[in-house]
Amino acid sequence: MADKVEKGPSLEGGSGDSLASSRKPTEIPTVAQMIEMQNKAASASGDSAAAGGGTGTPGSPQHPGFVLFKQGAEARLYRGTFLGKPAVLKERFSKKYRHPRLDEKLTTKRTQGEARTVARARKAGIPTPCIYFVNYQSNCIYMEDLRSATTSRDYIVAVQSVRGGDSFRALQPIMDKIGKTLATMHDGDIIHGDLTTSNIMLKQDSSMPEPQVVLIDFGLSSVSHLPEDKGVDLYVLEKAFLSTHPNTEELFSIILKSYTRHSRKSKEVIKKLDEVRLRGRKRTMVG
Ligand SMILES: Nc1ncnc2c1ncn2[C@@H]1O[C@H](COP(=O)(O)OP(=O)(O)OP(=O)(O)O)[C@@H](O)[C@H]1O
Ligand SMILES: [Mg+2]
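None of the values given here were measured: they were computed from a predicted structure.

A. Representation of the confidence of the model for the protein within the structure. Per-residue pLDDT for the protein has a mean of 88; in total, 87% of the residues score no lower than 70. Here residues 12-21 is modelled with pLDDT under 50, and outside its nearest four sequence neighbours on either side it reaches 17 contacts, counting other chains as well.

Take a look at the structure:
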């Protein structure tokens, strides 16, 4: 999870934010509005990296021209340009508490895994950021910057923060799309390994009538046709979803319903999910 540098969802916008000021506080924002407000708030606070800038600033000493915008437990994310294109640089750093050789192996394995799976996912028609270049010496991935995007985590939190709005109805179509995307991913035998609402992004620019689901952060991914592995993948998401967004069981069930409708092998996967849930519950009871 990366959230030390990042800012939480803001519906306030920056100063002179036309969208935020034209929107009534009880009105639920669309994904496009939310992205615009986040970008404006970031520009107003001078946060060029969060606003999708990153060029023209001195940048980091290790990565000239790139500006840090997120620092996670295992990776740092920078914004800049790569061969003239807006790019995100994801650098996995070493963990001092691990044995140096094991650490090097794990870090390279995750970088490799992420690059390979993104290629496989794109082939299977799953929207993920395009990878421009991988440096295995420094464990850096240069990828497309999803500028007109926000995490589904931020969007859910923002929608739920609107008092009086029907957040369930507003989020339903997005949950439906997430379920469909996960079904396509699993039908392509890709196991994400770290499904959370921070790793499921929503993209929408002015040319897009509807938001698109984009999956990121494939460092723990694997390839498997086994329903068990797919069931565990959904279980990881369920756990993360319900702890990040409390009391959203009904909302999460839309993801599963959509998954069931769209995946070719959903019956076996959902059966495994039920088994994994039961095992989890037994473990909790035994302590
Ligand atoms: N290509 C991208 N374009 C725009 N924003 C991105 C992109 N990739 C990542 N982000 C942002 O950075 C955050 C962290 O990225 P990511 O999930 O890849 O790293 P992480 O969780 O720190 O990684 P790891 O789990 O490997 O430690 C995302 O939640 C998202 O907000
Ligand atoms: Mg992540």
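B. Inspection of the sheet that holds strand β3 (residues 85-92) at higher detail. Within the open sheet, the five strands sit side by side as β1-β2-β3-β5-β4. Their pairing is antiparallel. Each edge of the sheet is formed by a strand with only one pairing partner; in this case those strands are β1 (67-71) and β4 (131-135). Sheet twist, expressed as the average angle between the axes of neighbouring strands with direction ignored, equals 25°. The pairing of β3 with strand β5 (residues 140-144) spans five bridges and is classified as antiparallel.

C. Structural view of the packing of aromatic side chains. Here the structure, examined in full by the defined rule, presents six aromatic pairs. Plain terms: the ring middles of phenylalanine 66 and tyrosine 142 are 5.9 Å apart, the flat faces sit at 80° to each other, and that makes the pair edge-to-face. Taken as a pair, phenylalanine 66 in the loop between α2 (31-44) and β1 and tyrosine 142 in strand β5 lie far apart in primary sequence, 76 residues in all. Tyrosine 142 shares its class with phenylalanine 66; the two are buried. Note that arginine 79 overlies the ring of phenylalanine 69, its terminal NZ or CZ placed 4.3 Å from the centroid.

D. Broad picture of the site of ligand 1. In the vicinity of ligand 1, 23 residues are found, and the nearest of them are Lys70, Lys90, Glu144, Leu146 and Asp217. For ligand 1, a nitrogen atom lies 2.9 Å from a polar atom in the backbone of glutamate 144. Contacts to ligand 1 include serine 198, whose backbone N or O atom sits 3.0 Å from an oxygen atom. Protein chains shield 95% of the accessible area of ligand 1, which is 630 Å² for the free molecule. Those elements that place two or more of their residues in the shell around ligand 1 are β2 (75-82), β3 and β5. When grouped by side-chain class, the residues that make up the shell around ligand 1 number ten nonpolar, four polar and nine charged. Shared between two domains, the shell around ligand 1 holds at least three residues of each, these being domain 1 (53-144) and domain 2 (149-282).

The rules behind the values
- Every chain is numbered independently, its residues counted from 1 as its sequence is written.
- Each chain takes a letter, starting from A, and each ligand takes a number, starting from 1, following the order in which they are written.
- Local features in a predicted model are, by the rule used here, given only for residues with pLDDT of at least 70; side-chain atom pairs are given and counted only at 80 or more, and totals for whole chains, interfaces and linings are based on all residues.
- Side-chain descriptors were evaluated using all non-hydrogen atoms of the structure, hydrogens and water having been removed beforehand.
- Confidence scores per residue from the predictor, reported as pLDDT, run from 0 to 100.
- In what follows, residue pairs with any heavy atoms lying within 4.5 Å of each other are defined as contacts.
- When DSSP finds two or more bridges between a pair of strands, those strands are recorded as paired.
- Here a helix means four or more residues in a row that DSSP labels H or I, a strand means two or more in a row labelled E, and each is numbered from the N terminus.
- For helices, the axis comes from a line fit to the C-alpha atoms of the stretch in contact; other axes are also lines fit to C-alpha atoms, and the angle between any two N-to-C directions lies between 0 and 180 degrees.
- Side-chain rings of Phe, Tyr and Trp (the six-membered ring for Trp) are treated as a pair once their centres are within 6.5 Å; stacked means planes under 30 degrees apart, edge-to-face means over 60, and tilted covers the remaining angles.
- Under the scheme applied here, a residue whose accessible area is under 20% of the maximum for its type counts as buried, over 50% as exposed, and between as partly exposed, the area being computed with a 1.4 Å probe on protein chains only.
- Any Lys NZ or Arg CZ that is within 6 Å of a ring centre and within 35 degrees of that ring's normal is treated as a charge sitting over the ring.
- A cutoff of 4 Å decides nearness: a residue is near a molecule or strand if any of its heavy atoms lies inside that distance of it.
- By the criterion applied in these results, polar contacts are pairs of N or O atoms within 3.5 Å in which, for protein atoms, one can donate a hydrogen and the other can accept it, and in which residues neighboring in sequence qualify only through two side-chain atoms.
- Calculation of accessible area relied on Shrake-Rupley with a 1.4 Å probe; when residues are assessed, cover is drawn exclusively from the protein chains displayed.
- Residue type decides the class: Asp, Glu, Lys and Arg count as charged, Ala, Val, Leu, Ile, Met, Phe, Trp, Tyr, Cys and Pro as nonpolar, and the leftover types, Gly among them, as polar.
- For the domains described, the bounds stem from an automatic or database domain assignment.

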